[in-house]
Structures are given as C-alpha cells and as structure tokens.
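Secondary and tertiary structure notes
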Amino acid sequence: MGSLPNPTLPMIQFSDQNLQPDSNCWSSTAKDVVRALENYGCFVAIYDKFSLDMHENIFRASEELFDLPTDVKIQNVSDTPSHGYVGQEPIIPLYEGLGIENATTREGVEKFTNLLWPSGNDRFCEIALEYSKIVAELDQVVMRMLSENYGIAESYKALFGSTSYLLRMIKYRTAEKHESGMGIIPHTDKSFMSILHQRRVKGLEIKTKDDSWIVVDPLPSSFVVMAGDACMAWTNGRIEPPKHRVIMEGSEERYSLGLFSFIKDQKIQVPEELVDDDHPLQFKPFDHYKFIHFYYTDEGKRSTCPIKAYCGV
Ligand SMILES: O=C(O)CCC(=O)C(=O)O
Ligand SMILES: [Fe+2]
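Residues numbered from 1 in each chain as written. Chains lettered and ligands numbered in written order. Predicted model: local features only at pLDDT ≥ 70, side-chain atom pairs only at ≥ 80, totals over all residues.

Under an unreviewed UniProt entry, the protein has the name Iron/ascorbate family oxidoreductase and belongs to Handroanthus impetiginosus. Recorded in UniProt for the protein, the comment headed Sequence similarities (unreviewed entry) runs: "Belongs to the iron/ascorbate-dependent oxidoreductase family." (UniProt positions renumbered as here; feature names shortened; annotations may be inferred.)

Written as structure tokens, this is what we have:
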C-alpha cells in the first residue's frame, strides 16, 4: 500500500502581472486568496518582489541582533504584552523573540535600533525597514483582494489608515536531550493578519480543519500569510485563524520572522455587508490592543477561543 502524499497548503504566486488591480489576473488571484483563507485560514505566498539578497540580508541582520548580550536585548520592552523581548520562558525554553513596533516607519525602526545599538547600526535599520515595507505591501494586496471580494472595501480603507505593523525576529535554539522539541506551543495569532517567513530550518506546522498538521517548507521567496483572531471578528467568522506551532528537530538553530498587523486608535467592527439572516452578527465592536491585554489575563489564557470570549455576541 502506498502512503498518502504529505498535505500541503494552497500556494499563490504574487508577480508583476497579478499585482495590477484592474487585471484579470488580479481578480482570479483574489478568488484564490479568499478560498484559501476560508478553507485554511492561511496560504503560502510566492512573492516575486522579494529577492534572495533581501532574504539573506534580513536573516544576517537577525543573527547579529540575537548575538547581542541578553541584558541588552531585554531592554526592548513594550506596553503591549509579547511585543517586546520574550525569552527564557519555561514553557517555551527554545524560543527567543524581539518585537520592533511601528516597523514600517523609520521612527519605529530607528527607536529600536538606537536602543539595542546606542552607537548606531544603520545597516540593521535600513534592512529591517526595507523588509517590513515590502512585506507590508503583500499584506495590503491581500487585504485589498479580500475586502473587494467581500464587498467591504470601504471598511478596509477605514482600517488601513489605523494599521500598525510589528516585526518580530525569532530564534529557536536546538533542544537538549531532556527537552521536548516544542519551539512554540499551538496557538492562533492575536493579530489582524500575520506574514511568516523562515530560513532553511523547517519547523512551522499548521493545523487544518480536519485536524492534521501541515509542515511548511522554507523557501527564500515564500511567506505564510495567515489570518489572526482580529480578522475572524472583522469577517464575522467567515475566516478562522489556524492553530500553528513550531517543532524543533535536528542540530541547527532556527531563525524566523513575523510581520503582524494591528489596528490602533479605532474599534474594529463587523461591516454591515457581512451581517444578514444567514450570518447573524457574531462579534461586538472591540479595541484590538485591549483584546491583546485581555488575552494575557487568566481568563484570556484559559479560553478556547479568546476573541469570542472577549467580544463574541
Ligand atoms: O517561528 C515561526 O515560524 C512562527 C512564529 C509564530 O507563530 C508567532 O510568532 O506567532
Ligand atoms: Fe503565531
């Protein structure tokens, strides 16, 4: 008996052709995006605009960052839980992450760079800013495709002006003999959308609706575009964020990156176009950052679906 092939995620290419909003390609790609998000909560984007040079530069910059002493890295604190330095956590001992808030703005990246390298590091600053901007463009294309397809482009336009991006650089050390290889425990993201990118060492796994885990292969031009909890509320439950985890195997440490979108200074509410007799309202308007704070309370951590617990109708 032959074994079944390993399941894979839908793969969608983003090239010069389908990035033109009025082209036929744009609308067929948009349909693929919506279908993938509805079925899997995520997909693999092959992003032609992202070069191998950028891939190598950003991961070299990340290595340089993690090579700094821990007492320097822990200075990266944030008012928002998990947006600053996270490391040496007993339940995820292999994991270390550093968040750069407002990563698509020069002020955001400069503030982070100057904190970590008081005598400056222009190269890091330029590379992190370039990376965040180019990956944020992919997020904006996906969001535009999604919102046009659902007939809620106006609602997205209103949110777009309030979107802020967090770039998180992540390193997983290898597991010692007595440790499990759990790099990050199964979770859904608290973001609106997340775009994940990995170097060489695989480890990211995504749970499907039929409860199997898909391993995502690392490729220099591929990104996982994934819905977060806030997107589920905005789409009135049409798109569900997928559970995902990282399993560390082998003898090589793993570097990955996440660009996460969040909505600031404006409540997220379900557009009225997505509410009707067949789709009754499921979520009340909510503040995205207050939701993140809620998630880190005992009640938030205990709940099986934090966004429903926070603002479900
Ligand atoms: O390291 C990865 O590939 C995934 C990281 C992740 O899931 C997260 O930061 O929320
Ligand atoms: Fe995640």
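Once you've had a look at it, read on.
The subject of this paragraph is the overall build of the protein. Within the protein, the regular secondary structure consists of ten helices and twelve strands. For a compact globule of 313 residues, the expected C-alpha radius of gyration is about 20 Å, and the protein comes in at 19 Å, within 12% of that figure. Once the C-alpha set of the protein is aligned to its principal axes, its extents read approximately 55 × 55 × 45 Å. Classification of the 313 residues of the protein by burial places 41% in the buried group. Of the contacts made within the protein by residues no fewer than 6 positions apart, 76% connect residues no fewer than 24 positions apart. (Helix = DSSP H or I, 4+ residues; strand = E, 2+ residues; numbered from the N terminus. Rg over C-alpha atoms; globule rule 2.2 N^0.38 Å. Buried ≥ 20, exposed ≤ 12 C-beta atoms within 10 Å, placed from the backbone. Contact = placed C-beta atoms within 7 Å.)

Each regular strand displays side chains that alternate between the two surfaces of the sheet. Across the six residues of strand S7 (residues 193-198), six count as buried, placing the element largely inside the fold. In S7, alternate side chains face the same way, and those of Met193, Ile195 and His197 on one face and Ser194, Leu196 and Gln198 on the other are all buried. As paired strands, S7 and strand S10 (residues 222-227) are joined by four bridges and run antiparallel to one another. Bridge pairing in S10 links Met193 to Ala227. (Pairing = 2+ DSSP bridges.)

The next thing to look at is the environment of Asp210. Here Asp210 is to be found in the loop between strand S8 (204-207) and strand S9 (213-215). Judged by local crowding, Asp210 falls into the exposed class, with 6 C-beta atoms found within 10 Å.

With that settled, consider the site of ligand 1. Surrounding ligand 1, one finds Arg168, Ile170, Ile184, Asp189, Leu196, Gln198, Leu204, His244, Val246, Ser256 and Gly258. Elements that contribute at least two residues to the shell around ligand 1 include exactly strand S5 (163-172), S7, strand S11 (244-247) and strand S12 (254-263). (Near = placed C-beta within 6 Å.)

Once that is clear, we can look at the confidence of the model for the protein. Averaged over all residues, the pLDDT of the protein is 96; the fraction at 70 or higher stands at 98%. Two numbers describe this predicted complex: its pTM, 0.97, and its ipTM, 0.99. (pLDDT = per-residue confidence, 0-100.)

Let us look at the UniProt feature "domain: Fe2OG dioxygenase" (unreviewed entry) in the protein. Using the residue numbers shown here, the UniProt feature "domain: Fe2OG dioxygenase" (unreviewed entry) corresponds to residues 163-265. Between the end C-alpha atoms of residues 163-265 there is a gap of 9 Å, over a span that is 6% helix and 48% strand.

Positive phi, close to 50 degrees, is recorded for Gln88, a residue that is not glycine. Along the chain, Gln88 falls in strand S3 (residues 85-89). Even without being a glycine, Asn102 presents a positive backbone phi close to 50 degrees. Note on placement: Asn102 falls in the loop between strand S4 (92-101) and helix H4 (106-116).

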